[in-house]
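The residues making up each chain are set out below.
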Amino acid sequence: MLRRPDPPSQDSLAPEAPRGRLWETIANALRDDIVAGRFAPGERLPNETALAQRFDVNRHTLRQAVQALVREGHLRVVHGSGTYVRELVLDYALQRRTRMSENVAQAGERANRELLGHARQRAGEWAGPLKVSATGDVVILYTRASIRGRPVGISTSAYPCPRLEGMAEAFAAGGGITAALKQLGVADYVRVRSTISTRLPSAAEADALARPVTQPVLVVQYVNADLAGVPVEAATTLFAADAVQLTVEAGEDLS
């Protein structure tokens, strides 16, 4: 006589709890190592066997994580040699319409620009570049740009009041400097002057860039004006010299 099978239990009918993909967890851990500097630019990662043992996974799962970081630009695979942390050297073009987001995008990267602080103060040294009275007010923004989680530049930017007194709020709303200026009525702007030099950073500057005080920085002092020629921004940007290469395109007059 055939025995009728037992009905399935309620537990067996319950949907399986969602599980995160293991390779994503590994990719996150390796990405954190790179951003924190535990694997330096140009350094070769441990071989597949060592990494598979570290994360207690098979090589297929490990390769999925590595390929994800290759697509993001964190790693490069050299066949027959190994997997290396990709060097971050941004080719930053100074031109009439210099835009950080566009420069970074052309290099296949994506920048995050954060507001470190802001203040309203007398124009002082910013009066000349902005063509305003030294006793007038300007808004100062202190920002930091990062690529792949690593700082590449810090900026101190001045904007004339009352025309652009809302820059801090507009920038904080998202979209960067260009979007903030557009929100405040500056539809477009061009670079009228750039001065390039180099020096050693202060302790605070080195700390903001996550670099040693012995490593020089590239200093770009510049002025941007609206299409009527009225200055809207005067700024100084310090670039990490190991991450940024400055170029001036032929035919550009930035003096």
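Residues numbered from 1 in each chain as written. Predicted model: local features only at pLDDT ≥ 70, side-chain atom pairs only at ≥ 80, totals over all residues. Heavy atoms only, no water.

A.B. asks: Can you help me understand the environment of Ser197 in this one?
C.D. replies: Among the structural elements, Ser197 can be located in strand β7 (residues 189-199). As a C-alpha pair, Ser197 and Leu218 span 21 residues in sequence and 6.0 Å in three-dimensional space. Ser197 has contacts with Val217, Leu218 and Val219, leaving out every residue within four places of it along the chain. (Helix = DSSP H or I, 4+ residues; strand = E, 2+ residues; numbered from the N terminus. Contact = heavy atoms within 4.5 Å.)

A.B. asks: Would you mind going over the packing of helix α2 (residues 22-35) against helix α3 (residues 48-55) with me for this structure?
C.D. replies: Running from amino to carboxyl end, α2 crosses α3 at an angle of 110 degrees, the nearest separation of the two axes being 11 Å. Between α2 and α3, the crossing angle belongs to the class labelled roughly perpendicular. You can see that α2 and α3 cross each other, and the crossing is right-handed. In this structure, α2 uses Ile26, Ala29, Leu30 and Asp33 to contact α3, whose residues at the interface are Leu51, Arg54 and Phe55. (Axes fitted to C-alpha atoms, helices over the stretch in contact; angles between N-to-C directions. Parallel < 35°, antiparallel > 145°, perpendicular 65-115°, else oblique. Left-handed = near helix turned anticlockwise from the far one by under 90°.)

A.B. asks: Would you explain the packing of α3 against helix α4 (residues 59-72) in this entry?
C.D. replies: Between two packed helices, what matters for the description is the angle formed by their axes and the separation of those axes. It is at 9 Å that the axes of α3 and α4 come closest, and there the two elements cross at 100 degrees. In this view, α3 runs roughly perpendicular relative to α4, as classed from their interaxial angle. Facing Glu48, Thr49, Leu51 and Ala52 of α3, the residues of α4 in contact are Arg59, Leu62 and Arg63. Looking at side-chain class alone, the contact of α3 with α4 contains three nonpolar, one polar and three charged residues. (Nonpolar A, V, L, I, M, F, W, Y, C, P; charged D, E, K, R; others polar.)

A.B. asks: I'm lost on the packing of aromatic side chains in this one. Help?
C.D. replies: For any pair of aromatic rings, geometry is given as the distance between the ring centres together with the angle between the planes. Enumeration according to the criterion identifies zero aromatic pairs in this entry. Over the aromatic face of Tyr222 sits the side chain of Arg191, whose NZ or CZ is 3.9 Å from the ring centroid. (Phe/Tyr/Trp six-rings, centres within 6.5 Å; stacked < 30°, edge-to-face > 60°. Lys NZ or Arg CZ within 6 Å of the ring centre and 35° of its normal.)

A.B. asks: How do you make sense of the environment of Arg113 when you look at a structure like this?
C.D. replies: With respect to the helices, strands and loops of the structure, Arg113 is situated in strand β4 (residues 111-122). Through-space distance from the C-alpha of Arg113 to that of Ile177 is 9.2 Å; in sequence the pair is 64 residues apart. Polar contacts involving the side chain of Arg113 include one to the side chain of Thr143, which spans 3.4 Å. (Polar contact = N/O pair within 3.5 Å; in protein donor to acceptor, adjacent residues only side chain to side chain.)

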